[in-house]
Each structure stands twice: as C-alpha cells, then as structure tokens.
Amino acid sequence: MFTGLTTGAQRVAMAQAVLAPVAALMGAGFAGVDAGVAALYGALAGLLVSLVLVWRERESIRHPEWDQHRLLRQFMRTGIERLLVLAGLLFVGLGVLKLMPLPLLRHNRGWF
C-alpha cells in the first residue's frame, strides 16, 4: 500500500516543521512581532494536526492484518481527532492567548 521510506503526510509534516519559523520571521518582518507570533502559532497548529494524521498512518502501517472496515473506522476517527485538535488549538490561540487571526493579511484588505 505504501511505497518508499516516507509517506505524503510525513513529507507534509516535515515541510510544515521547516516552514513554521519562516512564517514567523516573515510575519514579524512584515506586520510586527505580534503577527509573527500568531503566524508561528498557526503554523505549529497545522503541524500538530498533520502529526495526528502521521501518527494514525504509522499505526495503520504497523497493522497489515487490519481489514478495510477497521481502516475505514480508523480513517473516520482520525478525521474527528484532527478536527478536535484544530478546534482546541484555535480556541486556545484566538480565545485564551488573544492572537490575531490572519496576521499576514490584515493590511491587505483589498485582496478579498
């Protein structure tokens, strides 16, 4: 089912891990430190959601005996877990930490 040493989800997670500091630096450079922190938090939230997928994907790879019904349940469970992780992280970032939403687009309102 899976070929190569890494899967697509693993490559995406690696790219997100590399790009998180870049997003923070660009946000800080273009819109200020608060925007850089918000961009870093958003990039790390995306990374954590991807890591949930990688975790469940590795679990499925370790169990080749699972049938398609078990894998479908795992797929649905993973989707719900990712949604809950994202909702929780957004609640913490926007509600508790009071980070700015869309920090890199706040000065470019003409784009919408």
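The model shown is predicted, which means the values in this text are computed figures rather than measured ones.

**Some points on unusual backbone geometry**
Non-glycine residue K98 carries a positive phi angle of around 55°. Mapped onto the fold, K98 is located in the segment after α3 (68-96). Under the relative-accessibility criterion, K98 is labelled exposed at 64%.

**A look at the packing of helix α2 (residues 33-62) against α3**
Packed helix pairs are specified by the crossing angle of their axes together with the interaxial distance, meaning the distance between the axes. Contact pair α2 / α3: the axes reach a minimum separation of 10 Å and the direction vectors enclose 160°. With respect to α3, the element α2 is oriented roughly antiparallel. Our pair here, α2 against α3, has a crossing hand that is right-handed. Across from Y41, A45, L48, V49, S50, V52, L53, R56, E59 and S60 in α2, the residues of α3 making contact are L71, Q74, R77, T78, E81, R82, V85, L86, L89, V92 and G93. Its residues placed into classes, the contact of α2 with α3 shows 11 nonpolar, five polar and five charged.

**Observations regarding the pattern of salt bridges**
Applying the stated rule across the entire model yields three salt bridges. Measuring nitrogen to oxygen at the nearest pair gives 2.7 Å for the salt bridge that ties R56 to E59. On the criterion of helical spacing, the pair formed by R56 and E59 is a turn pair, its members being three residues apart in helix α2. Among the charged side chains, a network of salt bridges with common partners joins R56, E59, R77 and E81.

**Re the side chain of Q74**
Within the secondary structure layout, Q74 lies in helix α3. Here Q74 falls in the buried class, since its relative accessible area comes to 5%. Every residue in contact with Q74, bar those within four places of it in the chain, is listed here: R56, E59, S60 and W66.

What counts and what doesn't
- Residues numbered from 1 in each chain as written.
- Predicted model: local features only at pLDDT ≥ 70, side-chain atom pairs only at ≥ 80, totals over all residues.
- Heavy atoms only, no water.
- Helix = DSSP H or I, 4+ residues; strand = E, 2+ residues; numbered from the N terminus.
- Buried < 20%, exposed > 50% of the residue type's maximum accessible area, 1.4 Å probe, protein only.
- Axes fitted to C-alpha atoms, helices over the stretch in contact; angles between N-to-C directions.
- Parallel < 35°, antiparallel > 145°, perpendicular 65-115°, else oblique.
- Left-handed = near helix turned anticlockwise from the far one by under 90°.
- Contact = heavy atoms within 4.5 Å.
- Nonpolar A, V, L, I, M, F, W, Y, C, P; charged D, E, K, R; others polar.
- Salt bridge = Lys/Arg side-chain N within 4 Å of Asp/Glu carboxyl O.

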